[in-house]
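A look at the structure
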Amino acid sequence: MSTRKAAVIDMGTNTFHLVLVELIKDGFKVLYKEKIPVKLGQGGINQDHIAPDALKRAYHTLSHFKNLIDGEKIDRVFAFATSAVRNAKNGQEFVQEVKNRIGIDINVISGEEEALLIYEGIKLSGSLNGQTELMMDIGGGSVEFIIGNSEDVYWKGSFEIGGQRLLELFHHHDPILTSELQRLHEYLEKKLQPLLKAINQYKPCSLVGASGTFDTLTDIYFESMLQCKLTGQHVFELPASEFHRIHQLLLSKNREERLQIPGMIPMRVDMIVVASSLIDFILKYVPVQNITCSHYALKEGAIAEVLRQQVETT
């Protein structure tokens with residue numbers, strides 16, 4: 001069998017990811033990956049609209065991705081759009097424009113489909129064991145929660161409470177005010193009722209966070225321990241006590257000061273306060289000693305899907 005290549009584009013509300021892979025017998029080899037902070041949701045997400053500047057950044061980034069894909073002579077392209085496009089009144093128009101202008105077909109996925117792909121990605125990373133776990137992925141537009149184990153999904157849900165939305169709704173002062181945090185917690189309490197019921201029913205005993213914010217939190221933790229993450233490692237443990245220490249640090253600093261924290265990346269500096277507050281909220285309901293952080297999420301779930309298709313067609 002000749003080696004086959006595929007491209008996956010994950011068009012998140014905050015970040016666009018490109019992964020070029022070679023499909024090999026028992027998995028895949030990453031040929032190239034890139035992420036760009038397109039900030040598709042900026043300036044319009046809570047109005048269900050993609051702003052003109054955001055559209056411009058998206059077209060520019062997707063043209064760049066298309067050049068890289070063509071350079072590798074890849075014709076299997078899987079492009080996914082999530083919350084920002086899913087909810088935008090001009091989302092369909094954007095999808096059509098990308099097809100006409102750049103030649104990329106975008107699959108706008110539902111929150112449920114997104115949750116399942118995230119689950120597949122987490123599973124692929126080797127983060128799951130036999131016990132019941134709560135998995136979460138904090139996007140810019142939506143947050144997905146999955147309760148299950150390596151065999152089964154018991155419950156899944158997608159909530160339009162992503163980092164960009166929470167940032168625009170609650171984080172108006174820097175450092176964030178106690179009253180803003182209080183309002184954020186009350187809002188989460190209300191919005192996440194279905195999740196809290198599911199936690200009560202299935203009683204997950206561990207927490208797995210997927211990519212994004214969790215990557216940055218583990219980077220900050222490793223830097224503070226003066227350790228390096230190993231290349232090729234996809235699962236990291238973040239002690240809950242260390243999470244709480246980092247969370248307090250984030251709450252106490254303004255944007256400039258947060259940028260100085262070793263391990264922080266500029267792409268996350270704005271959203272990390274509300275994202276970290278969401279994790280803090282969840283830990284009240286799922287108290288754990290360690291948070292498992294999976295470097296794999298939606299895009300790797302899509303690769304798992306491509307691999308499955310390949311097995312079925314060979």
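Up top is the structure these notes are about.
These remarks concern the structure in this document.

Here's the deal with the overall build of the protein chain
- For the protein chain, the helix and strand inventory stands at 12 helices and 11 strands.
- Its C-alpha atoms give the protein chain principal-axis dimensions of roughly 55 × 45 × 40 Å.
- By the burial criterion, 54% of the 314 residues in the protein chain qualify as buried.
- Positive and negative charge centroids in the protein chain, built from 33 and 39 side chains respectively, lie 2 Å apart.

Digging into the environment of Lys190
- Mapped onto the fold, Lys190 is located in helix H6 (residues 178-191).
- On the basis of relative accessible area, Lys190 is assigned to the exposed category, the value being 63%.
- Taking the C-alpha atoms as reference points, Lys190 and Asn129, separated by 61 residues in sequence, lie 31 Å from one another.

A few points about the packing of helix H9 (residues 240-252) against helix H11 (residues 272-285)
- Contact pair H9 / H11: the axes reach a minimum separation of 10 Å and the direction vectors enclose 140 degrees. The orientation of H9 relative to H11 falls into the category oblique. Crossing angle aside, the handedness with which H9 passes H11 is left-handed. Here Phe243, His244, His247, Leu250 and Leu251 of H9 lie close against H11, whose contacting residues are Ile272, Val273, Ser276, Ser277, Ile279, Asp280 and Leu283.
- Looking at the contact of H9 with H11 residue by residue, the class counts come to seven nonpolar, four polar and one charged.

Criteria and thresholds
- Residues numbered from 1 in each chain as written.
- Predicted model: local features only at pLDDT ≥ 70, side-chain atom pairs only at ≥ 80, totals over all residues.
- Heavy atoms only, no water.
- Helix = DSSP H or I, 4+ residues; strand = E, 2+ residues; numbered from the N terminus.
- Buried < 20%, exposed > 50% of the residue type's maximum accessible area, 1.4 Å probe, protein only.
- Lys, Arg positive; Asp, Glu negative; His and termini not counted.
- Charge placed at Lys NZ, Arg CZ, Asp CG, Glu CD.
- Axes fitted to C-alpha atoms, helices over the stretch in contact; angles between N-to-C directions.
- Parallel < 35°, antiparallel > 145°, perpendicular 65-115°, else oblique.
- Left-handed = near helix turned anticlockwise from the far one by under 90°.
- Contact = heavy atoms within 4.5 Å.
- Nonpolar A, V, L, I, M, F, W, Y, C, P; charged D, E, K, R; others polar.

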